[in-house]
Amino acid sequence: MAKDFEVQVLEDVTIRFAGDSGDGMQLTGSQFSNTTALFGNDLSTLPDYPAEIRAPAGTLYGVSGFQLHFSSLEISTPGDSPDVLVAMNPAALKVNLKDIKPGATIVVNENAFDPKNLKLAHYESNPLEDNSLAGFNVIMVPLSKQTAAALEGLQLSMKDIERTKNFFALGLMYWLFDRPLEPTLAWIEQKFKKKQIYLEANQKALTAGYYYGENTEIFMTRYHVKPAKLEKGSYRSISGNEAVALGFVAASYKAGIPLFLGSYPITPASEILQELSNFKNFGVKTFQAEDEIAGIASAIGASFAGNLAVTTTSGPGLALKSEAIGLAVMTELPLVIVDVQRGGPSTGLPTKTEQSDLLQAMYGRNGESPVPILAASTPSDCFDMAFEACRIAVKYMTPVFLLSEGYLANGSEPWKIPDVDSLPEIPVNYWKDKETYNIYARDENLSRPWAIPGTPGLEHRIGGLEKAHIYGTVSYVPENHEFMVRMRDAKVKKIQDEIPDLVVAGDQDADLLIAAWGGTYGSVTEAVGNLRKKGHKVAQVHFKYIHPFPKNTKEVLTKFKQILVPERNLGQLSKLLKSAFLVDVIEFNKIQGSPFKSSEIENKIISLIGGENVN
Amino acid sequence: MSTNNVMENVKLTAKDFATNQDVRWCPGCGDYSILAQVQRVSPDLGIPKEKFVWVSGIGCSSRFPYYMNTYGFHSIHGRAPAIATGVKLANPDLSVWVAAGDGDLLSIGGNHFIHACRRNIDMKVILFNNRIYGLTKGQYSPTSEKGKKTKSSPYGSIDFPFLPVNMAVASGATFVARSLDRDPKHLQAMMFRAAAHHGLAFIEVYQNCNIFNDGAYEPLTDKETKADNVVVLEHGKPLIYGKNNEKGIRMDGMNPVVVDLSKGEYSVNDLWIHDEFDENPGRSFVLAHFSDLKDFPTPIGVFRQIQKSTYDGDLFAQLDEVTKLKGKGDLAKLFRSGNTWEVA
Ligand SMILES: Cc1ncc(C[n+]2csc(CCOP(=O)(O)OP(=O)(O)O)c2C)c(N)n1
Ligand code: SF4
Ligand SMILES: [Mg+2]
């Protein structure tokens, strides 16, 4: 009895699911993302959840959200402001209302707007009744009641029924945006294999939500977002943390040596440890250590013994690892240190994103302690950069930083699955020849030989004391110390010879260059794209290699009249650029635990070059 | 001829385990003896020289790896057990040894030590216990006696000390022994036993620092007094000591009692018979506690040796098991796990 609905074709949509942290919003959002990815849209997601695992139900601080931007065009951000908000209770409405577009559609669970929940959300009157939502397209759905009705006959407690309503909401959104139910039905089937009753309940709720849209007239229009024309190939959806884990497994495969991870759980990096602990049949060893220091120390030991060693953490954990990173610098052992940045200082904002550990990575150690720094720009780029970090670590016998951040780690996007054979090789040649062996002899890359325990005749000692050039014995000779300090620095600088040059995107003859790094890539790219479409001249470069900087950095920076550096910190890249290149830069800083909106960057650019603000 | 490049079946000697580095401990330091005993037993452990890895932290004692002609890693203060763990997990064929001071292992590195014990990593941990911070020139350590006057405790330390043997036992170490730098034979015997043990083997070595804590163990090492102050633990033998073996330890319920065997009231048959393999750790605690009791001898020897699976063994068993179950990992397949779609 399908009615005739108007179908409107849209280019892109931003939708946000919001509810209690117990409402399953992260799950709902990621199911919508997977289905949308399979459908062929380009997409980008932004999960946003509180630090409390199960904050008291109905409270403002317990609201968990998942934002998703999908499009028939290529996109690079999770969207500035939602076109659609699904709010499971008054608190979710209140917290998110300020973010959504004027005129946006708000789908609410009207059953949750009872006096108790309204009070918890500090509403003096019911916003569904007091006309305060005029200007929005409010769709009231009796989500709880409808879910209960759909599940009638199943022996479920009220609590279980309540926990199923997110699938009802998801089904309704599938209907509204014309997405298939099958991927989620299959997922439920797999997930609840052993709990038949939940399997049935969740599938029923999902389907009921879909047909609720079909059979009632709450929406008069359905929306269709056509598949995007992405580059040809096979795709899957991937989050930054998953991509880092896969990058490491791939590097281990290409290097032909086992991967060893020493790590201690910390938000938002834990998923890398969890993910890698699945890959035992790839020979991956994950060691959940007693603390971050043991995490890196075990990795250093494993590296000494010939494994591809990595350690993963977030800001506070990185602080604990500092001394050991210095040891890896001194002993010149390959090691990758992943810092999935979050709001700091101290415990800061554990679940929120920030990019404020750059200077910690650059300078946070005693002595002259140079470490290469790479920064991933998007969730899928985390794969490439994790792989690249391993390659550099092994080639130059050095610890290497990979900076990610909460927003990349938890956000996801389509990933063009690479061909295993097309990945670069990572040659590993453990030193074998005892006649020519010297602990600190150097090759053309200034890299010392990797001679691993178990090799007859190459018994040697390394450690944190200064070592004599070539011979590697302990040396307190003043000239040797200066020589070695300079040598370690020169080795890291030498990496510049092979890292890719900066590529200026946009208008080469623009006056203004936007220079950004890490996870700010998406917002800048979108802002620059939008402005250029409107006829403004803007150029953009993005730093994925920060230490050393790409060779042409100075040349690029001095070509433009003005340089704008947007960062989510107090100007850390700006400081590095200014001190390294004596250039003047305009800082644009935001430190609110969330990515830049592209409109914020657009407006900042407009303020510099003139033009009309966007909302 | 034995050179550094030893051919198979050429018998190595202690010299082969010495490096060309000048040993820089103070003359008379107990560390010399420990080094000598280790170098003496190493050729006879049945382990190829290239498979030894000595890992240390920071301290006088932590210079140890520089003097052993094996693979070695002189790392950072306290972290040796964690680094050694990584070495062992990277290559379980290696024979991994940790040399650590009392500050290194029990203060800054206490966490790593107890967790290495808990996991029963197959490695040997030798504690050089001089009850003082040697390298930093004489501050009290976590094993210094309460009341001890040192550079940082001019009015006497108000810290209670750790009993390292108890820490090891409580943390799950499967081999726990104690020995003395001044008793080379005994120390060698302990090294052999530790080397033969599969799992975490811990030896506390009482080591004299003749510069900052000279004579700390004199009552236990002096010819005149040692018989009355040391009881040597031997499996299946009674706890008997004294110049003429005239004293013994008896258990009165859970309480140890020193008894005089010369008076006729008690005989050897009444004494505590040492059982190294007792699964119950209770008696090890009682034994270790002797050093806190007045008029009790200090036990040396193997307190405890039990069998338990090792972390490294279990790790590799799990890698094999999962590989059998899932098949050897296929990277291309892994990339495509979950839902994929094609863009033509
Ligand atoms: C992180 C750090 N903190 C402090 C020190 C200074 N330090 C070096 S050795 C040491 C203690 C040495 O005592 P112990 O471990 O008992 O070894 P010993 O010298 O007595 O053999 C200290 C505090 C250091 N090297 N590193
Ligand atoms: S200070 Fe003490 S422990 Fe250190 S080398 Fe000298 S005697 Fe030995
Ligand atoms: Mg000491």
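Fair warning: this is a prediction, and the values are worked out from it, not measured in the lab.

Peer 1: Give me the side chain of Thr150(B): which residues, what numbers.
Peer 2: Residues and elements named next belong to chain B. Relative to the helices and strands, threonine 150 resides in the loop between strand 4 (124-129) and helix 5 (164-171). At a separation of 3.2 Å, a polar atom in the side chain of threonine 150 contacts the main-chain amide nitrogen of tyrosine 140. Other than its neighbours up to four places away in sequence, threonine 150 contacts Ile132, Gly138, Gln139 and Tyr140.

Peer 1: Can you break down the state of the cysteines residue by residue, with the values?
Peer 2: Residues and elements named next belong to chain A. A complete count under the given rule lists zero disulfides over all chains for this structure. Residue cysteine 390 stays outside any disulfide, its sulfur separated by 13 Å from that of cysteine 382, the closest cysteine. Judged by relative accessible area, which is 0%, cysteine 390 ranks as buried.

Peer 1: Give a description of the pattern of salt bridges that names residues and reports values.
Peer 2: Residues and elements named next belong to chain A. Per the stated rule, a full pass over the model turns up 44 salt bridges over all chains. Here lysine 254 and glutamate 425 are joined by a salt bridge, their closest N and O atoms 3.3 Å apart. Of this pair, lysine 254 sits in helix 8 (residues 240-255) while glutamate 425 is found in the loop between strand 16 (412-416) and strand 17 (461-463), placing the two residues 171 residues apart along the sequence. Among the residues examined, lysine 254 registers a relative accessible area of 11% and is labelled buried. With a relative accessible area of 51%, glutamate 425 lands in the exposed category. The salt bridge partner of arginine 568 is glutamate 405, with a shortest N-O separation of 2.6 Å. Here the residue arginine 568 occupies a position in the loop between strand 22 (562-567) and helix 18 (572-581), and glutamate 405 occupies one in strand 15 (residues 399-405), the gap between them amounting to 163 residues. The residues arginine 568 and glutamate 405 share a single accessibility class, namely buried. One connected set of salt bridges, linked through shared partners, spans Glu388, Arg391, Lys395 and Glu498.

Peer 1: Explain the environment of Asp104(B) to me, and be specific about the residues and the numbers.
Peer 2: Residue and element names in this part refer to chain B. Mapped onto the elements, aspartate 104 comes out in helix 3 (residues 102-108). By relative accessible area, aspartate 104 is classed as buried at 2%. In this structure, the C-alpha to C-alpha distance between aspartate 104 and glycine 138, residues 34 residues apart in sequence, is 14 Å. Aspartate 104 has contacts with Gly57, Ile58, Ser62, Ile76, His77, Gly78 and Gly109, leaving out every residue within four places of it along the chain. From its side chain, aspartate 104 meets the backbone nitrogen of glycine 78 in a polar contact 2.6 Å long.

Peer 1: Go over unusual backbone geometry, please, and point to the residues and values.
Peer 2: Between Thr267(A) and the following residue, Pro268(A), the backbone shows a cis peptide bond with an omega angle of 0°. Tracing the sequence through the fold places Pro268(A) in the loop between strand 10 (259-263) and helix 9 (270-276). Between Gly344(A) and Pro345(A) the backbone carries a cis peptide bond, its omega angle lying at 0°. Relative to the elements of secondary structure, Pro345(A) occurs in the loop between strand 13 (335-341) and helix 12 (358-363). Although it is not a glycine, His122(A) adopts a positive phi angle of roughly 60°. The backbone phi angle of Lys137(B) is positive, close to 75°, even though this residue is not glycine.

Rules behind the numbers
Residues numbered from 1 in each chain as written. Chains lettered and ligands numbered in written order. Predicted model: local features only at pLDDT ≥ 70, side-chain atom pairs only at ≥ 80, totals over all residues. Heavy atoms only, no water. Helix = DSSP H or I, 4+ residues; strand = E, 2+ residues; numbered from the N terminus. Polar contact = N/O pair within 3.5 Å; in protein donor to acceptor, adjacent residues only side chain to side chain. Contact = heavy atoms within 4.5 Å. Disulfide = S-S within 2.5 Å. Buried < 20%, exposed > 50% of the residue type's maximum accessible area, 1.4 Å probe, protein only. Salt bridge = Lys/Arg side-chain N within 4 Å of Asp/Glu carboxyl O.

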